[in-house]
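So you can see what is in the structure, the chains are spelled out below.
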Amino acid sequence: MTARKVVADDVLGRFARQQHDWFRRVREGSLDPETVVRAVHAIIDWTIPADGVEFELTLDFGAPENDPIAMVRADGYSEPENWKYTGKKLSGIQTRSFKLVRVGYCRNLDEVREKLAQYGPVPGGQWRGAFKAAFPKPDGNGPIGFADPSWVHPNGRVFFPFISSGGGSNFRWADFELDKSWRWLVPASPADKPASK
């Protein structure tokens, strides 16, 4: 059994007052929220889970930044309004359990999806935002793919979202080869069902 460290009430009080001050200053516009996030992330270990290790993500599908076309816009593509989203739009706040797996070399995303079928339904690509929020620190161990081919470029090519090995968000053409370094988000178990909050 691991011993828990007890934190004194006065220490917790100082922490709560500091947090309240940050919120107030962000709300008033005197403190940049991204600066606060970077500072907090710098002191917390946000390690990406190892392959096969279960973890939980929560996503607000109604938040503007999680809109499928907003994802394209945020990644810097020109004319994002000309992209199409062909997937099922989800709503509400959902929490689900996932893990990362590798399936080896694949000729294209269709082959990846065939190999991922054993894990259950492929999670929607919008989960990329929740993953990046939970694990903002890249590990350099290969890209993380979200095998959801629901984004259609204006030229008609189908794309899926991913996070690069260096931590950047992007979309990849579904007909490109995918080497063995790719990791894929899958449900923690085939019976994993979305749980609404």
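Residues numbered from 1 in each chain as written. Predicted model: local features only at pLDDT ≥ 70, side-chain atom pairs only at ≥ 80, totals over all residues. Heavy atoms only, no water.

Caption draft 1: Fine view of the side chain of Asn66. Along the chain, the position of Asn66 falls in the loop between strand S1 (55-60) and helix H3 (68-74). The exposure class of Asn66 is buried, given its relative accessible area of 8%. Polar side-chain contacts of Asn66 include one of 2.7 Å to the backbone oxygen of Asp60. When neighbours within four sequence positions are excluded, Asn66 is seen to be in contact with Leu59, Asp60, Phe61, Met71 and Gln126. (Helix = DSSP H or I, 4+ residues; strand = E, 2+ residues; numbered from the N terminus. Buried < 20%, exposed > 50% of the residue type's maximum accessible area, 1.4 Å probe, protein only. Polar contact = N/O pair within 3.5 Å; in protein donor to acceptor, adjacent residues only side chain to side chain. Contact = heavy atoms within 4.5 Å.)

Caption draft 2: View of the pairing of strand S6 (residues 158-163). A large share of S6 lies buried, amounting to five of its six residues. Pairing analysis gives two bridges linking strand S4 (residues 144-145) to S6, with the strands arranged antiparallel. Opposite Gly145, over in S6, you have Phe162 as the bridge partner. The antiparallel hairpin formed by strand S5 (residues 151-152) and S6 contains five residues in its connecting segment, where Gly156 sits at a positive phi of about 95°. By the bridge criterion, five bridges tie S6 to strand S7 (residues 169-173) in an arrangement that is antiparallel. Across the sheet, Phe160 pairs through a bridge with Arg172, a residue of S7. In this antiparallel pair of consecutive strands, S6 and S7, the connection spans five residues, and Gly167 shows a positive phi of 100°. (Pairing = 2+ DSSP bridges.)

Caption draft 3: Focus on the side chain of Asp75. With respect to the helices and strands, the residue Asp75 is situated in the loop between H3 and strand S2 (84-85). Only 3.4 Å separates the side chain of Asp75 from the backbone nitrogen of Asn170, close enough to count as a polar contact. When neighbours within four sequence positions are excluded, Asp75 is seen to be in contact with Arg128, Ser169, Asn170 and Phe171.

Caption draft 4: Expanded view of the packing of aromatic side chains. Overall, the coordinates contain 18 aromatic pairs when judged by the stated rule. Ring centres of Phe61 and Trp127 lie 5.4 Å apart, and the angle between their planes is 85°; on these two criteria the pair is classed as edge-to-face. Here the residue Phe61 occupies a position in the loop between S1 and H3, and Trp127 occupies one in helix H5 (residues 127-134), the gap between them amounting to 66 residues. One exposure class covers both Phe61 and Trp127, and it is buried. Ring centres of Trp83 and Phe159 lie 5.4 Å apart, and the angle between their planes is 55°; on these two criteria the pair is classed as tilted. A residue pair is termed long-range when its members are at least 10 positions apart, and Trp83 in the loop between H3 and S2 and Phe159 in strand S6 qualify at 76 residues. Each of the two residues, Trp83 as well as Phe159, counts as buried. Three or more aromatic residues joined by ring pairs make a cluster, and in this case those are Phe55, Phe61, Phe98, Trp127, Phe131, Phe135 and Phe146. It is Arg128 that lies over the ring of Phe171; its NZ or CZ is 5.1 Å from the centre. Seen from the ring of Trp173, Arg157 lies directly overhead, with NZ or CZ sitting 4.0 Å from the centre. (Phe/Tyr/Trp six-rings, centres within 6.5 Å; stacked < 30°, edge-to-face > 60°. Lys NZ or Arg CZ within 6 Å of the ring centre and 35° of its normal.)

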